[in-house]
Structure formats: structure tokens, C-alpha cells
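Results of the structural survey
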Amino acid sequence: MEITLADRLAIAELISSHGHLVDDGDLDGLEKLFTSDVIYDLTDFGQGRLAGGGGR
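Residues numbered from 1 in each chain as written. Predicted model: local features only at pLDDT ≥ 70, side-chain atom pairs only at ≥ 80, totals over all residues. Heavy atoms only, no water.

**Points about the overall build of the protein**
- Per the secondary structure count, the protein includes 1 helix and 2 strands.
- Ordering the α and β elements of the protein from the N terminus gives α-β-β.
- For the protein, the C-alpha radius of gyration of 13 Å lies well beyond 10 Å, the compact-globule estimate for 56 residues.
- Within the protein, the proportion of its 56 residues that are buried is 14%.
- A fraction of 7% describes how many contacts in the protein between residues 6 or more apart in sequence connect residues 24 or more apart.
- In the form shown here, the protein has an accessible surface area of approximately 4600 Å², with 54% of it arising from carbon and sulfur atoms.
- Charged side chains in the protein number 4 positive and 11 negative. The centres of these two groups are separated by 4 Å. (Helix = DSSP H or I, 4+ residues; strand = E, 2+ residues; numbered from the N terminus. Rg over C-alpha atoms; globule rule 2.2 N^0.38 Å. Buried < 20%, exposed > 50% of the residue type's maximum accessible area, 1.4 Å probe, protein only. Contact = heavy atoms within 4.5 Å. Areas by Shrake-Rupley, 256 points an atom, 1.4 Å probe, with all protein chains shown as cover. Lys, Arg positive; Asp, Glu negative; His and termini not counted. Charge placed at Lys NZ, Arg CZ, Asp CG, Glu CD.)

This is the structure in C-alpha cells:
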């Protein structure tokens, strides 16, 4: 399977957006990146598990 340039750019933008949101401490903003059934496990970082989101 070949990944198109548009797909590569979309993936890079998604990863970049995640980094900016986390760096800014905007965990509520993560709902822009994940589907409503996401389980975001932060237990290795001394946090709990976040569930849910908005979806893209």
C-alpha cells in the first residue's frame, strides 16, 4: 500500500496538532483529534485513563 502525499501531510499535521495540544496542557482540545470511543491511557505517566472525545 502506497501512502499519498496528501495522506502524509495529514498524518504529520495530526501528530503536530497532538504535540501542540499536549505541550499547551489543552487536554480538552484532544477531542478534536480522537473519536468518541477513544481510551487515552496515561497511567504510565502517573495519570488515569481518559475516555471519549469529539472525533475528526
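Read on for the rest.
**A look at a nonpolar patch on the surface**
- A contiguous nonpolar patch, built from Met 1, Ile 3, Ile 11 and Ile 15 and spanning about 490 Å² of accessible area, is present on the exposed surface.
- Among the structural elements, Ile 11 can be located in helix H1 (residues 5–23). (Patch = residues over 30% accessible without salt bridge, like charges linked within 9 Å, V, L, I, M, F, W, Y side chains within 5 Å. Salt bridge = Lys/Arg side-chain N within 4 Å of Asp/Glu carboxyl O.)

**Quick notes on the environment of Glu 2**
- In this fold, Glu 2 is placed in the segment before H1.
- Separated by 29 residues in sequence, Glu 2 and Glu 31 place their C-alpha atoms 29 Å apart.

These figures come from the coordinates and say nothing about function on their own.
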